Amino acid sequence: MAGRTIVVVQAHQDDGDFYCGGSVAKWCRQGDRVIYVVVTDGSKGTMDPDQDPVALAAVRREEQQEAAGILGVSECLFLGYPDGDLVPDLALREKLVAIYRRYRPDLLVTHDPTWKSYLLHPDHRNTGEMALYAALAAGMPLFHREHREQGLAPHQIPEALLFHSPEPDHTEDISDYVSLKVRALMCHRSQFYLLGQAESALGVSLDRLQSMFGQPESLPVGVVKEKFKRVPLTAGGPAL
Ligand SMILES: [Zn+2]
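Fair warning: this is a prediction, and the values are worked out from it, not measured in the lab.

What follows covers the coordination of the zinc ion. In this structure, H12 (ND1), D15 (OD), D15 (OD) and H124 (NE2) serve as the protein donors to the zinc ion, at separations of 2.1 to 2.4 Å. Around the zinc ion, the four donor atoms are arranged such that angles at the metal cover 56 to 134°; this shape is classified as irregular. Judged by its relative accessible area of 5%, D15 falls in the buried class. Accessibility expressed as a relative area gives 7% for H124, which makes it buried.

If you want it as structure tokens, here you go:
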């Protein structure tokens, strides 16, 4: 089904590209409109003790916009919360509800907030949690009633796909979009110290990834899939 609006709510610049960049590239080329919402400023994403956090945040924002352009993302919304310090509060929920009511997505894509893997970055967990809570609130008119004066009507998102889930039950075949995903990941030059994570994200060896820096379109791959947990959000689904 093309022509959907898809909102990807992610904690950091690069999370969406890592966990669902191939799917995003596919959706965009199939005619969907994809909006990125980046909750934190990414200002702690370094192992360099002398790095200026403000400068790093600016660099990461540019990297994200470059990567989003490669994938075909229509718009990046940067909420600017301090990296690593995110708490799941009502102010964040209100911002997300307003975005859902403004863009009226057919699909929400975000972090799986469950704690079963014991591996999740707190920002990831808190982002996923509030993205789902906001999906509930966005559909109910008495949540954030002040939106009514702003012309933002309630909107019920029908379903969510959660990435980095310990219990995936939905896959997207990205075999034809791996090169675009790699090109997007390669935009995140400030994060290359994390490149080892790309091996598991892409099923491609680090040596091969590094050899592709200049020619990612030459990557030979078999069938590659991104995995998600599918969550219905309409009445009768888990959210209600
Ligand atoms: Zn992250």
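The side chains of a regular strand alternate between the sheet's two faces. Burial within strand β1 (residues 5–10) is extensive, with six of its six residues counted as buried. Here β1 runs beside strand β2 (residues 33–40); their pairing, made up of six bridges, is parallel. Residue V7 lies in a different strand from β2, and its bridge partner there is I35. With helix α1 (residues 15–29) bridging β1 and its parallel neighbour β2, the resulting β-α-β unit is right-handed.

Atomic detail in the predicted coordinates should be set aside for any region of low pLDDT. Confidence along the chain averages 88 in pLDDT terms, with 84% of residues attaining 70 or more. Note on residues 213–217: pLDDT under 50 across the span, and seven contacts to partners over four residues away in sequence or across chains. With pLDDT under 50 throughout, residues 236–240 is counted as low confidence; its partners more than four residues away or in other chains account for nine contacts.

A sheet is described by the order of its strands in space; here seven strands give the open sequence β3-β2-β1-β4-β5-β7-β6, paired in mixed fashion. Edge positions in the open sheet fall to β3 (75–81) and β6 (170–173), since each of these has one partner strand only. On average, adjacent strands in this sheet sit at an angle of 25° to one another, irrespective of strand direction. Sheet topology note: the β6/strand β7 (residues 225–232) ladder contains four bridges and is antiparallel. When the sheet's bridge partners are listed, D173 is paired in β7 with K225. On the sheet, α1 packs against β1, β2, β4 (107–111), β5 (159–163), β6 and β7 and is oriented at approximately 85° with respect to β7. Seen against the sheet, helix α4 (residues 122–138) touches β1, β2, β4 and β5 and runs at an angle of roughly 155° to β4.

With that settled, consider the packing of aromatic side chains. Going through the model one piece at a time under the given rule, you end up with two aromatic pairs. A ring pair is formed by Y19 and F163, whose centres lie 5.2 Å apart and whose planes are at 15°; its orientation type is stacked. In this pair, Y19 is assigned in helix α1 and F163 in strand β5, connecting sequence segments 144 residues apart. Judged by its relative accessible area of 0%, F163 is buried.

The subject of this paragraph is the environment of E129. Along the chain, E129 turns up in helix α4. What makes E129 partly exposed here is its relative accessible area of 24%. A sequence separation of 16 residues divides E129 from P113, and the C-alpha atoms of the two residues are 5.3 Å apart. With residues near it in sequence (within four places) discarded, E129 still touches P88 and P113.

In terms of nonpolar packing, the biggest core is built from 27 residues, with V9, L96, Y100 and L108 touching the most fellow members. The greatest single-element share of this core, amounting to seven residues, is contributed by α4. Setting aside anything within four residues of it in sequence, one finds L96 in contact with V9, V37, L79, M130, A131 and A134. The next biggest cluster of nonpolar side chains, apart from the first, holds 26 residues, and it includes V24, V34, Y36 and L107.

This part takes up the pairing of β5. Counting buried positions over the five residues of β5 gives five, a clear majority of the element. Both β4 and β5 contribute to a ladder of five bridges, which runs parallel. Its bridge partner lying in β5, T110 is registered against L162. One ladder, built from five bridges, connects β5 with β7; its direction is antiparallel. Bridge pairing links A160 to V231 in β7.

Criteria and cut-off values
Residues numbered from 1 in each chain as written. Predicted model: local features only at pLDDT ≥ 70, side-chain atom pairs only at ≥ 80, totals over all residues. Heavy atoms only, no water. Donors = N, O, S within 2.8 Å, 3.2 Å for Na, K, Ca; no water. Tetrahedral: all angles 85-135°; square planar, octahedral: opposite > 155°, others 65-115°. Buried < 20%, exposed > 50% of the residue type's maximum accessible area, 1.4 Å probe, protein only. Helix = DSSP H or I, 4+ residues; strand = E, 2+ residues; numbered from the N terminus. Pairing = 2+ DSSP bridges. Right-handed = clockwise from strand over helix to strand, strands pointing away. pLDDT = per-residue confidence, 0-100. Contact = heavy atoms within 4.5 Å. Axes fitted to C-alpha atoms, helices over the stretch in contact; angles between N-to-C directions. Phe/Tyr/Trp six-rings, centres within 6.5 Å; stacked < 30°, edge-to-face > 60°. Core = buried A, V, L, I, M, F, W, Y, C linked by side-chain atoms within 4.5 Å.

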